[in-house]
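Architecture at a glance
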Amino acid sequence: MKQIIVALFACLPLMGMAQNTWEVPQEKTEEVKPKQQKKALFETKKKEDAKYLAGAVPEVDGRVVFTLDKKVPGMSADEIYKKVYDVIHAMTQEENQFPQSKIAVINKSEHTIAARMREWLVFQNTFLSLDRTIFNYTLIAKAADGRLVLTMERLSYQYEKDRTDVRGGFDTKAEDWITDKEALNKKQTKLLKYSGKFRRKTIDRKDNIFDRVCRALSVKY
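Structural notes, computed from the coordinates.

**Re the overall build of the chain**
Per the secondary structure count, the chain includes 5 helices and 7 strands. When the elements of the chain are put in sequence order from the N terminus, they spell out α-α-β-β-α-β-β-β-β-β-α-α. By the burial criterion, 35% of the 221 residues in the chain qualify as buried. Residue pairs at least 24 apart in sequence account for 54% of intrachain contacts in the chain once pairs closer than 6 positions are excluded.

**Examining the pairing of strand 4 (residues 112-125)**
Where strand 3 (residues 102-107) meets strand 4, 5 bridges bridge the pair, whose relative direction is antiparallel. Paired with K102 across the bridge in strand 4 is R116. Here strand 3 hands over to strand 4 after 4 residues, with H111 in that stretch at a positive phi of 55°. Pairing of strand 4 with strand 5 (residues 130-144), which is carried by 13 bridges, proceeds in the antiparallel orientation. Bridge pairing links R116 to T138 in strand 5. Two successive antiparallel strands, strand 4 and strand 5, enclose a turn made up of 4 residues.

**So, the packing of aromatic side chains**
On inspection of all chains with the given rule, the structure shows 13 aromatic pairs. Where F135 meets Y137, the ring centres are 4.8 Å apart and the plane angle is 40°; that geometry is what we call tilted. Taken individually, F135 and Y137 each receive the classification buried, so the pair is uniform in this respect. When the centroid spacing of 5.7 Å and the interplanar angle of 80° are considered together, the rings of W177 and F198 count as edge-to-face.

**Observations concerning the packing of helix 3 (residues 77-92) against helix 5 (residues 193-216)**
Between helix 3 and helix 5, whose axes approach to 9 Å, the crossing angle comes to 140°. In terms of orientation, helix 3 and helix 5 fall into the oblique class. The handedness of the crossing between helix 3 and helix 5 is right-handed. Seen from helix 3, the contacting residues are K83, V84, V87 and M91; seen from helix 5, they are R205, I209, R212, V213 and A216.

**Notes on the side chain of T179**
Tracing the chain through its elements places T179 in the loop between strand 7 (170-173) and helix 4 (180-183). Ignoring sequence-local partners within four residues, the contact set of T179 consists of V57, E59, V64, A174, L184 and R199.

**Some thoughts on the layout of surface pockets**
Take a probe with the size of a water molecule and roll it over the atoms, and the empty space left behind shows itself. The calculated volume of the largest pocket comes to roughly 160 Å³. Every residue lining the largest pocket is listed: W120, L130, D131, R132, T133, I134, Q158, Y159, E160, K161 and D162. Of all the elements in the fold, those that place two or more residues in the lining of the largest pocket are strand 5 and strand 6 (147-159). Of all the elements, strand 5 adds the most residues to the lining of the largest pocket, at 5 residues.

**Description of the nonpolar core**
Soluble globular proteins tend to pack their nonpolar side chains together in the buried interior. Among the nonpolar cores identified, the biggest contains 44 residues, and V84, Y137, L139, L148, M152 and L217 are the most heavily contacted of them. Counting residues per element, the ones that place at least two in this core are strand 2 (63-71), helix 3, strand 4, strand 5, strand 6 and helix 5.

What counts, and at which threshold
Residues numbered from 1 in each chain as written. Predicted model: local features only at pLDDT ≥ 70, side-chain atom pairs only at ≥ 80, totals over all residues. Heavy atoms only, no water. Helix = DSSP H or I, 4+ residues; strand = E, 2+ residues; numbered from the N terminus. Buried < 20%, exposed > 50% of the residue type's maximum accessible area, 1.4 Å probe, protein only. Contact = heavy atoms within 4.5 Å. Pairing = 2+ DSSP bridges. Phe/Tyr/Trp six-rings, centres within 6.5 Å; stacked < 30°, edge-to-face > 60°. Axes fitted to C-alpha atoms, helices over the stretch in contact; angles between N-to-C directions. Parallel < 35°, antiparallel > 145°, perpendicular 65-115°, else oblique. Left-handed = near helix turned anticlockwise from the far one by under 90°. 1 Å grid on protein atoms, 1.4 Å probe; cavity = no way out; pocket = protein on both sides within 12 Å on 5 of 7 lines; lining within 4 Å. Points joined across faces, edges and corners; volume = space filled by probe spheres on them. Core = buried A, V, L, I, M, F, W, Y, C linked by side-chain atoms within 4.5 Å.

Set out below in structure tokens:
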């Protein structure tokens, strides 16, 4: 028995040596220099899309007016009128529209359409939050042989009118809320926090409408 114990003690140093040869491999990491860190941080800052900045909201005689002026080769005034009428009528039936959205007046002989639109303009829609405003505007389309002029004007917003807290809601016109003066910082490089979101979504909606009309006429927006 004594011989067995002596033999075990003799083996202990060897066992320790064998165990010590095992270690966790260390992954090589590249050293990031301070200048590289600063550059990476700068590059992650999101730049505002130029389509929302200076000049994106045109004013005519002090009023905000978006205009689509397109040549439509080979298409008569009657054909243009009908296609645009169909697009606008379809818009009035969409889910985001109020019952007040409708084609208000037409003049077939002059190929003119005027529509009043009242719809939800959604800023954010998530499981926890729905941020939106009522958006009012007028569309006026004038067709001629080979040409369409469509304007989006008389824009206004009714935001969170049902709120009862100190902030409440408000009514405002585009001229007082989404112009360069009202919705951009002094350097005109960024949108302001509150009015800026109205400006961004209004421009997106304008682009959506004008693009739909152009596709109906088989021309590029």
